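This is what each chain is made of:
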Amino acid sequence: MSEKVIAVSNLTKKFGNFTAVDHITFDVEEGEIFGFLGANGAGKTTAMQMLCGISMPTAGSGTVAGYDIIKENERIKRNIGYMSQKFSLYEDLKVWENIRLFGGIYGLSDKEIAKKTDALLERLNFREERNTMVKYLPLGWKQKLAFSVAIFHEPKIVFLDEPTGGVDPAMRRQFWEMIYEAADQGITVFVTTHYMDEAEYCNRVSIMVDGRIDALDTPAELRHRFNTDSMDEVFRQLARKAKRGDA
Amino acid sequence: MKQFIAFVNKEFRHILRDNRTLLIIFGIPVVQILLFGFAINMEVQDIRVAIYDPTPDALTTGITERIRQSAYFNYQGNMQSMVDVEVAMRKGKLDLAVVFPQNFRESLVHSGKTAIQLLSDSSDPNRGSISTTYATAVIARFQQEQADLIQIPFQIQTENRMIYNPLMKSSYMFVPGIMGLVMMIICTIMTSVSIVREKERGTMEVLLASPLRLGTMIFAKTIPYMVISFIDFIIILLLSYFVLGVPVNGSLLLLFLVAILYIMLSLSYGLTVSTMVEKQLNAVIFSAITAMIPVLMLSGMIFPIDNMPHLLQALSVIVPARWFIDVVRKVMIQGLGITMVWKEILMLIGMTLFLLGVTIAKTKKRLE
Amino acid sequence: MMKTLKFLIEKEFKQMFRNPLIPKMIVMYPIMVLLVFPWAVSFEIKNIRIDVVDHSKSTYSRRLTDKIEASGYFILNDTPPDYRTAMWNMEQGETDMILEIPPSFDVDMVKNRASGVGMAVNSVNGTQGLLGSNYITQIVNDFSSELRSELMHTLPPQSRVSLMRMAQIDIVPQYKYNPSLDYKNFMIPGFMVLLLTLICGILPALNIVMEKENGTIQQINVTPVSRILFILAKLIPFWVVGLVVMIISVSAAYLLYGLWPAGSLLAVLFCAIVFILSISGLGLIISNYSETMQQASFLVMFFILILILLGGMFTPVSSMPAWAQLIAAINPFSYLTNTFRMLYLNGSTLADVSGNLLALGAIAVVLNGWAVISYKKRG
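Residues numbered from 1 in each chain as written. Chains lettered and ligands numbered in written order. Predicted model: local features only at pLDDT ≥ 70, side-chain atom pairs only at ≥ 80, totals over all residues.

Let's shift gears to the overall build of chain C. Summing up its helical and strand segments, chain C has 15 helices and five strands in all. By the compact-globule yardstick of 21 Å for 379 residues, chain C is too spread out, its C-alpha radius of gyration being 29 Å. Dimensions of chain C, computed from C-alpha atoms along their principal axes, come out at roughly 100 × 45 × 40 Å. Classification of the 379 residues of chain C by burial places 50% in the buried group. (Helix = DSSP H or I, 4+ residues; strand = E, 2+ residues; numbered from the N terminus. Rg over C-alpha atoms; globule rule 2.2 N^0.38 Å. Buried ≥ 20, exposed ≤ 12 C-beta atoms within 10 Å, placed from the backbone.)

Rendered as structure tokens:
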């Protein structure tokens, strides 16, 4: 029986009268690649921020890595990695300096950081870019670097918010290979995206519409249920009722 | 033309959406004018004075009494020794000490001469010398009363008339200065930060590719800021007049025109700054550094320009606020007309054109 | 914990040095400011331009005019034939004062032993006007004393004796701590505080907002870095920067003006450090409450202006109304300016300024506590 690394119940976030996340309930098992799908504006980022402990839920409850997201949000942070939509690394720091900073923040020693940095740069074929300022890196490489930094300290779970925005399909595929490698190492991956084809890469997906989870299952099951070959079609059928987003 | 208007509208909408910044932009001048208008005062008051009188007699107690009664002084009492005086001054608790010699009256009666020492804390020389002057005047008046003659002959009376500022309110001199300072800071930061922001985001290139001519585009960008700044100026003027009681003796229209000119100048300076830096942070640093201290020190708002060494007087010529403050003082307080201020206006126009020229030249260079 | 701090501080310093403007500013700006601006300060009134409208054109009136010119305070601008022309000069900005001598001046003095002159002063600058008129009054009084001794023999013998018996009290002024009455010495410590305020106020105020705007703050918020650590990591580099600015300022003041603290140098630096803590705290608070760089920059300039102008550097706190003095009581600028002046000029000891130091410390604790609390890792 694998542990549930993420379990939420009726999680809600309101901004004034606007309900961004509407009573969602789901859980994620250890080692899963869980896809959190939905159109732009459906509430994915907001939900993820609550799970990471940087947004306070209006209602509902949940645990991440065994810690309560309302009362123990700071302890959650020791066990997770995060890659925001802007893949925000420090643009005026070099590649190795960014790695060092976040490695150090998560408690790795100077020696460990140096060793792992070398290994990482080797793996990504990044060695010549070691001393390049992040602001000069092309978009695809920034993404890969941001992801690598997010899992540098080998967290239990890594949260990825729209990690593949704005690059060509080839790049996206390379990125997903990196995600698979991470999952093989035992890291649970929670990834949001609005690219429906990426759903196929996940163990299970949920589809958010207007703040609610309207579907949650394996991609195969969903395709079967909605009688179609593509996840795009599944989504389109669900989104027909949507009031928000660009379906 | 239509594109121009659309562009201006877009800029306006952008700004109006940001409530907080608007609140700050309008709130700042209000608070500053009220605060400084009421709080800044150049007169020397509340001089803490103590007496050291080893052998009190009728004369020394008489003088002491006069000092106690004087409105300028805050009488601290008699000191027991000179050491006490020194210590009190060193601790910053005493501004002035009146020191009588031993047997004051006796020496005066017998030899016809004696001396009183006035020790003043002159770390602020202004305060030190004025304290001494006041104390000297009090002692001199006492002396006069003591003289047998009711009227000393060969007196020349001086009849004083304070013109333009009969009550000698500090705000008359200061308020034009605050106007100049606040407006320059706000305008410079407004434009420089907003343009550098677009540079940082990369949206600048998009703008530069638009069909509008460069000069027109820059102009369109600054129009909303012109409007905001002018509203700021009106607010400041209203407050100065109604709340602080600073008169508007000259032509209001002239005042407005000059204000608009100065605003354009300050905004142009912001534009120039934006061509020199790449980060918003640096835009702010640069604006603050060059707009604040030079204006405070060299514009004549606090320190008279005539007293400065020639090099600094020359430097003050390129401080735009100096000319603006000149005009405001002349028009608002002295009530003079355009014939008296045309030189200043010309300077302001010249500076604006110069800064715009530099901006356009540098922007063109960047495009290549 | 300390290790995390190390990594964060490393990052702050790297970013600071990679900024093309900041390192230059830290080193050059204090030097430039101290080199140029202290020469601009003076409240002394010299070179007051005066027009003398001499209707009498007599020996005495000319002597008075010469005396005024020779005083060193005044520059004789013009001797116009009438008051109207003189007023025109004043409106033009050519003259600051007008002295009008009546046509019967010398006759009055000899026959009636009394006369009067009229003075008109441009008092837009109230203090200048007051001082100018005081100087003239002094010169006129001196002149009347001169005449008195010259013409004493024309008095009846009784009055003559009483006059002679009028005893003389000499006033001996001693201008402590600044015997040359050099205003520069008074202002230079103020400039040092000004530099610290600008540099250590603006940089922190924009720092956190910058991270908000480019999104890196979120990346920090998901880490276990605590609020205290985060704020501390921001503060320490500014401490160092401020200390560097102080060292440069103290050296520049000595090399350029020969000004060295009469009290202890260590005390100067120590008080500066406490001050930097409070001003940086203020900056960080502003940064926490701002969403854009524009907002933060307006807010910080707003506060800095208030701190400076109500801080006793240019106008004395004692001249302000009671409510403004209350503001000065919580204004770190006024405490440090006062402290520096005492340490530099009065030769005060650390014990003498302990009151100020305590106040600065209290302010620093409050502001930095507020900075930590107002930094929300969770929205």
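The structure having been displayed, the exposition proceeds.
Before going further, it helps to spend a moment on the overall build of chain A. Each helix and strand counted, chain A has eight helices and ten strands in total. Here chain A has a C-alpha radius of gyration of 18 Å; the compact-globule value for 247 residues is 18 Å, and the two agree. Each of the 247 residues in chain A was classed as buried or not, and the buried ones make up 47%. In chain A, once contacts between residues fewer than 6 apart in sequence are set aside, the share between residues at least 24 apart is 69%. (Contact = placed C-beta atoms within 7 Å.)

Ranking the two pairs of chains in contact by number of contacts places chains B and C first. With no contact between them, chain A and chain B keep their nearest C-alpha atoms 11 Å apart.

We now examine the packing of helix H11 (residues 265-289) of chain C against helix H15 (residues 354-374) of chain C. Residues and elements named next belong to chain C. Between H11 and H15, the shortest axis-to-axis distance is 8 Å and the interhelical angle comes to 25 degrees. With respect to each other, H11 and H15 are oriented roughly parallel. The two elements H11 and H15 meet at a crossing, and its hand is left-handed. Contact residues: Cys271, Val274, Phe275, Leu277, Ser278, Gly281, Leu282, Leu284, Ile285, Asn288 and Tyr289 in H11; Leu357, Leu360, Gly361, Ile363, Ala364, Leu367, Asn368, Trp370, Ala371 and Ser374 in H15. (Axes fitted to C-alpha atoms, helices over the stretch in contact; angles between N-to-C directions. Parallel < 35°, antiparallel > 145°, perpendicular 65-115°, else oblique. Left-handed = near helix turned anticlockwise from the far one by under 90°.)

Attention now moves to the confidence of the model for chain C. Per-residue pLDDT for chain C averages 88, and the proportion of residues at 70 or more is 95%. Interface confidence for the predicted complex, expressed as ipTM, amounts to 0.88; the pTM equals 0.85. (pLDDT = per-residue confidence, 0-100.)

Turning to the interface of chain C and chain A, a few remarks are in order. The partner chain A presents 23 residues to the 20 residues of chain C that form the contact. Among the secondary structure elements, those contributing two or more residues to the side of chain C that touches chain A are helix H1 (2-18) and helix H9 (216-221) of chain C. Ranked by the residues each element gives to the side of chain C that touches chain A, the list is headed by H1(C), at seven residues. Grouping the constituent residues of the side of chain C that touches chain A by class yields four nonpolar, ten polar and six charged. (Nonpolar A, V, L, I, M, F, W, Y, C, P; charged D, E, K, R; others polar.)

What follows concerns the pairing of strand E4 (residues 59-64) of chain A. All names here are of chain A. Sheet topology note: the strand E1 (residues 4-15)/E4 ladder contains five bridges and is antiparallel. Note that in E4 the partner of serine 9 across the bridge is serine 61. Looking at chain direction, E4 and strand E5 (residues 67-68) are connected through two bridges and run antiparallel. Looking at E5, one finds that threonine 63 is bridged to aspartate 68. The antiparallel hairpin formed by E4 and E5 contains two residues in its connecting segment, where alanine 65 sits at a positive phi of about 55 degrees. (Pairing = 2+ DSSP bridges.)

Residue and element names in this part refer to chain C. In terms of burial, strand E1 (residues 48-54) is a largely internal element, six of the seven residues being buried. In terms of handedness, the path from E1 via helix H3 (residues 59-70) over to strand E2 (residues 74-78) forms a crossover that is right-handed. Examined bridge by bridge, E1 and strand E3 (residues 97-101) share five bridges and lie parallel to one another. Considered in E3, the bridge of valine 52 is made with leucine 99. (Right-handed = clockwise from strand over helix to strand, strands pointing away.)

Looking now at the interface of chain B and chain C. Between chain B and chain C, the contact holds 95 residues from the first and 99 residues from the second. Elements that contribute at least two residues to the side of chain B that touches chain C include exactly helix H2 (19-39), helix H4 (82-90), strand E4 (113-121), helix H6 (125-146), strand E5 (155-163), helix H7 (170-201), helix H11 (280-298) and helix H13 (320-333) of chain B. Element by element, the count of residues in the side of chain B that touches chain C is highest for H11(B), at eleven residues. Grouping the amino acids of the side of chain B that touches chain C by side-chain chemistry returns 51 nonpolar, 28 polar and 16 charged.

Here the focus is the sheet that holds strand E7 (residues 157-161) of chain A. Residues and elements named next belong to chain A. Spatially, E6-E7-E8-E3-E9-E10 is the arrangement adopted by the six strands of the open sheet, whose pairing is mixed. Sheet topology places strand E6 (80-83) and strand E10 (212-217) at the edges, where each strand pairs with a single neighbour. Adjacent strand axes in the sheet meet at a mean angle of 15 degrees, parallel and antiparallel pairs treated alike. Looking at chain direction, E6 and E7 are connected through four bridges and run parallel. Across the sheet, glycine 81 pairs through a bridge with valine 158, a residue of E7. The sheet strands contacting helix H1 (residues 44-51) are strand E3 (33-38), E7, strand E8 (188-193) and strand E9 (204-209), and the helix crosses E7 at an angle near 155 degrees. Here helix H8 (residues 231-239) sits on the sheet and contacts E3, E9 and E10; the angle it forms with E9, its principal contact strand, is near 30 degrees.

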